[in-house]
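Examining the three-dimensional arrangement
One letter stands for each residue in the lines below.
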Amino acid sequence: MNVLLISTYELGHQPLSLASPAAWLRRAGAAVTCVDASVSPLTAAMAAEAGLIAISVPMHTATRLALELLPRLRAAAPNAFIVCYGLYAPLNAAMLRAAGADCCLGGEVEELLTTIWQRLAAGERPPAVDAIALNRLDLVPPDRSGLPPLNRYATLINGAETRLAGYTETTRGCKHLCRHCPVVPVYNGRFRVVPRETVLADIRDQVAAGARHITFGDPDFLNGPGHVLPIVRAMHAEFPDLTYDVTIKVEHILRYAHLLPELRATGCIMAVSAVEVLDDEILARFAKRHTRADVVRAVALLRANDIALNATFVAFTPWTTRQIYRDLLLGIAELGLIESVAPVQYGLRLLIPAGSRLLELPDVRGLVGPFDPAGLVYPWRHPDPTMDTLQQAVLELAQCGDHCGMSRTAFYQRLLDLCDQVIGPGPRPATLPPSPPIPRLSEPWYCCAEPNNQQLAARYL
């Protein structure tokens, strides 16, 4: 009874979402093939040989790609039991099942996938029941054998130095309830820790495979400070030259400011933080629990501790007026963050997926259209159509900048010119003082807001 685990896209990282269930399934005796379809070919023969096919759908883009892939998998393996799993699986179960999946799983899925395989191996047909599992699992070290090598994935770029980057997680889920976050509908304010030795074993394996930098992909690295600090201390003691990056809410940067020196001392050189916007009213709608003034303080704290900030944004929302967008651009310059913002971040549009807590807001329910099963979102149009025009133009400029190797400062200046053309002349920063590039990963997609365009999908088909 062969198992085929498939990832369609995982933000440019070697997919932990395959390696973790692969370890559980192989421990149970399964023959497992892992295919990251974003970098390796996926053939009909692979599907035909599998009795269990499981597709990881941790985000919007991956789910749209899975929807295109499922009919072909079903045609190649008509008798296989096909599972979709990950954050977006239970929220989009109807569409995924219509496309060919037998069931959809969310949360802590390793045990569920192993049970499905055991039933199939015993000659039983498992019940086609969707489920979200949040029970605490004693997670084992991921098994990355058979995955493409780390040099096929995102690398850390730090000045003239390039480092192979590994990826792991110390926790899953999140204890916060930000309205626009896709983690919330599945975990609903809960998070689960990954055993310390499991994390360290995964890091050791990736260092042995060439990693010199580790991305900790927890939705928020400081959800459980007492859990993560011993991990980075032990990692640094064993690998003192290893660097790492983390994702931390603005709120937690402020609350745990006293921990920043130790993070830096143990190798943290970069923090990704979902600033989202610099408008307090929109931040309140998102239930982000920070303000523009908090962002100012967080930027200063990270800078004082020599931890580079990679700021992410949801630049276009139904409430983003021309003035608010201009103010965002000016604020980024005033905070000295031009080098901290990837060009694509200036063009990201708010996604309202199935299960979004934004739908709790009456005005959101009033502005969205019926759920779009192709786009996997509740569509919305800006009250000012010119803002929708600007959003598309900004994304096109970002793609052009990536292809041309444009610096972030040069892109920012082009973006100001674009705004003048589309929404009319406006204020500009008095000066743009030169600043050196900050550490960054070569794959510029971060967090839960993703570009809503077809080029990204075409890249991974």
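Note that the structure is predicted; figures quoted are calculated from it, not measured.

Turning our eyes to something else, we now look at unusual backbone geometry. At Asn188, a position not held by glycine, the phi torsion is positive, near 50°. Residue class for Asn188 comes out partly exposed when judged on its relative accessible area of 49%. One non-glycine residue, Asp306, lies in the positive phi region at around 60°. Here Asp306 is to be found in the loop between helix H13 (292-304) and strand S14 (308-313). Among the residues examined, Asp306 registers a relative accessible area of 54% and is labelled exposed.

Now for the packing of aromatic side chains. This structure, assessed with the given rule, holds 6 aromatic pairs. With a centroid separation of 5.7 Å and an interplanar angle of 40°, the aromatic rings of Tyr346 and Phe411 are classed as tilted. With a gap of 65 residues between them, Tyr346 in the loop between helix H14 (322-334) and helix H15 (362-367) and Phe411 in helix H17 (residues 408-423) connect regions that are remote in the sequence. Judged by relative accessible area, Tyr346 falls into the buried class, the value being 2%. An aromatic cluster of three or more residues is present, and its members are Phe216, Phe221 and Tyr244. If you follow Arg349 out to its NZ or CZ, it ends over the ring of Trp380, 3.6 Å from the centre.

Strand pairing in a sheet relies on backbone hydrogen bonds, with the paired strands running either antiparallel or parallel. In spatial order, the strands read S2-S1-S3-S4-S5-S6; together these 6 strands make up an open sheet with parallel pairing. Two strands close off the open sheet at either side, each with one partner strand: strand S2 (31-36) and strand S6 (131-133). Direction aside, neighbouring strands of the sheet carry axes that sit 20° apart on average. As paired elements, strand S3 (residues 52-56) and strand S4 (residues 81-85) share 5 bridges and run parallel to each other. Bridging from a neighbouring strand, Ala54 pairs with Val83 of S4. Across the face of the sheet, helix H1 (residues 16-27) comes into contact with strand S1 (2-7), S2, S3 and S4 while running at roughly 175° to S2.

Next up on the list: the state of the cysteines. A full pass over the atoms with the stated rule returns 0 disulfides. Free cysteine: Cys34, not disulfide-bonded; nearest cysteine sulfur from Cys84 at 16 Å.

The next thing to look at is the packing of H1 against helix H6 (residues 110-121). Running from N to C, H1 and H6 point in directions that differ by 45°, and their axes come no closer than 9 Å. With respect to H6, the axis of H1 lies oblique. In terms of crossing hand, the pair formed by H1 and H6 is right-handed. Residues Ser20, Pro21, Trp24 and Leu25 of H1 form the contact with H6, whose participating residues are Glu110, Glu111, Leu113, Thr114 and Trp117. Grouping the amino acids of the contact of H1 with H6 by side-chain chemistry returns 5 nonpolar, 2 polar and 2 charged.

On to the confidence of the model for the chain, then. Here the chain shows a mean pLDDT of 94. Residues at 70 or above account for 96%. Counted against residues more than four places away or in other chains, residues 446-461, with its pLDDT under 50, gives 45 contacts.

Let us now look at the layout of surface pockets. Taking a probe equal in size to a water molecule and rolling it over the atoms shows the remaining empty space. Roughly 340 Å³ of volume is contained in the second largest pocket. Looking at the second largest pocket, it is lined by 19 residues, and the ones nearest its centre are Arg303, Ile307, Ala308, Leu309 and Ile438. Of all the secondary-structure elements, those providing two or more residues to the lining of the second largest pocket are H13 and S14.

Ranked by internal contacts, the top residues of the largest apolar core, which has 68 residues, are Phe216, Tyr325, Tyr346 and Leu415. Looking at which element gives the most residues to this core, the answer is H17, with 7 residues. With residues near it in sequence (within four places) discarded, Leu415 still touches Tyr325, Leu329, Tyr346, Val394 and Leu397. One finds Leu69, Leu73, Ala101 and Leu376 within the second-largest nonpolar core, a separate group that totals 25 residues.

The rules behind these values
Residues numbered from 1 in each chain as written. Predicted model: local features only at pLDDT ≥ 70, side-chain atom pairs only at ≥ 80, totals over all residues. Heavy atoms only, no water. Buried < 20%, exposed > 50% of the residue type's maximum accessible area, 1.4 Å probe, protein only. Helix = DSSP H or I, 4+ residues; strand = E, 2+ residues; numbered from the N terminus. Phe/Tyr/Trp six-rings, centres within 6.5 Å; stacked < 30°, edge-to-face > 60°. Lys NZ or Arg CZ within 6 Å of the ring centre and 35° of its normal. Pairing = 2+ DSSP bridges. Axes fitted to C-alpha atoms, helices over the stretch in contact; angles between N-to-C directions. Contact = heavy atoms within 4.5 Å. Disulfide = S-S within 2.5 Å. Parallel < 35°, antiparallel > 145°, perpendicular 65-115°, else oblique. Left-handed = near helix turned anticlockwise from the far one by under 90°. Nonpolar A, V, L, I, M, F, W, Y, C, P; charged D, E, K, R; others polar. pLDDT = per-residue confidence, 0-100. 1 Å grid on protein atoms, 1.4 Å probe; cavity = no way out; pocket = protein on both sides within 12 Å on 5 of 7 lines; lining within 4 Å. Points joined across faces, edges and corners; volume = space filled by probe spheres on them. Core = buried A, V, L, I, M, F, W, Y, C linked by side-chain atoms within 4.5 Å.

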